[in-house]
Amino acid sequence: MAGTGAGYDLSVTTFSPDGRVFQVEYAGKAVENSGTSIAICCKDGVIFAVEKFLNSKMLVPGTIKRTFPVSRNSGIAVAGMLADSRQLVARARSE
């Protein structure tokens, strides 16, 4: 049996007959299922905070990071898919 997208979820530029873009909906669900991320701007700097959770006892504590340093003066707090966030951090570091 075909999934919900039924072939309309293969690309972010493909609309379903009812006008939905399933890739965008999947990304939204990934963010909803991930932990909370927040950044607070203070007069002396910025504070990053993320929700810490461990989905499985088989995961090594500390390997699921959601805050990343980009340079000496900047960093990123992420929500959503960690693989996507690692790519964004790598690109930010290269630029």
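Residues numbered from 1 in each chain as written. Predicted model: local features only at pLDDT ≥ 70, side-chain atom pairs only at ≥ 80, totals over all residues. Heavy atoms only, no water.

Undergrad: Mind laying out the overall build of the protein chain, listing which residues take part and the relevant values?
TA: Helices and strands together make up the secondary structure of the protein chain, namely 2 helices and 4 strands. Counting from the amino terminus, the protein chain carries its helices and strands in the arrangement α-β-β-β-β-α. Of all intrachain contacts in the protein chain linking residues separated by at least 6 positions in sequence, the fraction that spans at least 24 positions is 23%. (Helix = DSSP H or I, 4+ residues; strand = E, 2+ residues; numbered from the N terminus. Contact = heavy atoms within 4.5 Å.)

Undergrad: Account for the state of the cysteines, with residues named and values stated.
TA: Inspection of every chain in the model, using the stated rule, returns 0 disulfides. Summary of cysteine pairing: C41 is not part of a disulfide, and the nearest cysteine sulfur, belonging to C42, is at 6.7 Å. Overall, C41 belongs to the exposed group, its relative accessible area being 67%. (Disulfide = S-S within 2.5 Å. Buried < 20%, exposed > 50% of the residue type's maximum accessible area, 1.4 Å probe, protein only.)

Undergrad: Account for the layout of surface pockets, with residues named and values stated.
TA: Considered as a void within the structure, the largest pocket measures approximately 230 Å³ in volume. Taken together, 12 residues form the lining of the largest pocket, with K52, F53, G62, I64 and K65 sitting closest to its centre. Here the lining of the largest pocket is composed, by residue class, of 6 nonpolar, 2 polar and 4 charged. (1 Å grid on protein atoms, 1.4 Å probe; cavity = no way out; pocket = protein on both sides within 12 Å on 5 of 7 lines; lining within 4 Å. Points joined across faces, edges and corners; volume = space filled by probe spheres on them. Nonpolar A, V, L, I, M, F, W, Y, C, P; charged D, E, K, R; others polar.)

Undergrad: With reference to specific residues and values, describe the side chain of R66.
TA: Tracing the sequence through the fold places R66 in the loop between β2 (46-50) and β3 (67-71). No salt bridge is formed by the buried R66; its nearest oppositely charged neighbour, E51, is found at 7.7 Å. (Lys, Arg positive; Asp, Glu negative; His and termini not counted. Salt bridge = Lys/Arg side-chain N within 4 Å of Asp/Glu carboxyl O.)

Undergrad: Describe the pairing of strand β4 (residues 74-77), listing the residues and the values that go with them.
TA: Pairing geometry for β3 and β4, over 4 bridges, is antiparallel. Within β4, the residue paired with S71 across the bridge is S74. Between the end of β3 and the start of β4, which pair antiparallel, lie 2 residues. (Pairing = 2+ DSSP bridges.)

Undergrad: Tell me about a nonpolar patch on the surface, and please be specific about residues and values.
TA: A grouping of I38, I40 and I47 is seen on the molecular surface, where their side chains present a nonpolar patch of about 260 Å² in accessible area. On the basis of relative accessibility, which here comes to 44%, the residue I38 falls in the partly exposed class. (Patch = residues over 30% accessible without salt bridge, like charges linked within 9 Å, V, L, I, M, F, W, Y side chains within 5 Å. Areas by Shrake-Rupley, 256 points an atom, 1.4 Å probe, with all protein chains shown as cover.)

Undergrad: Give me the pattern of salt bridges: which residues, what numbers.
TA: Tallied over the entire structure, the rule returns 3 salt bridges. Note that D18 and R20 form a salt bridge whose closest N and O atoms lie 4.0 Å from each other. Judged by its relative accessible area of 31%, R20 falls in the partly exposed class. Taken together, the salt bridges that share partners define one network made up of D18, R20 and E25.

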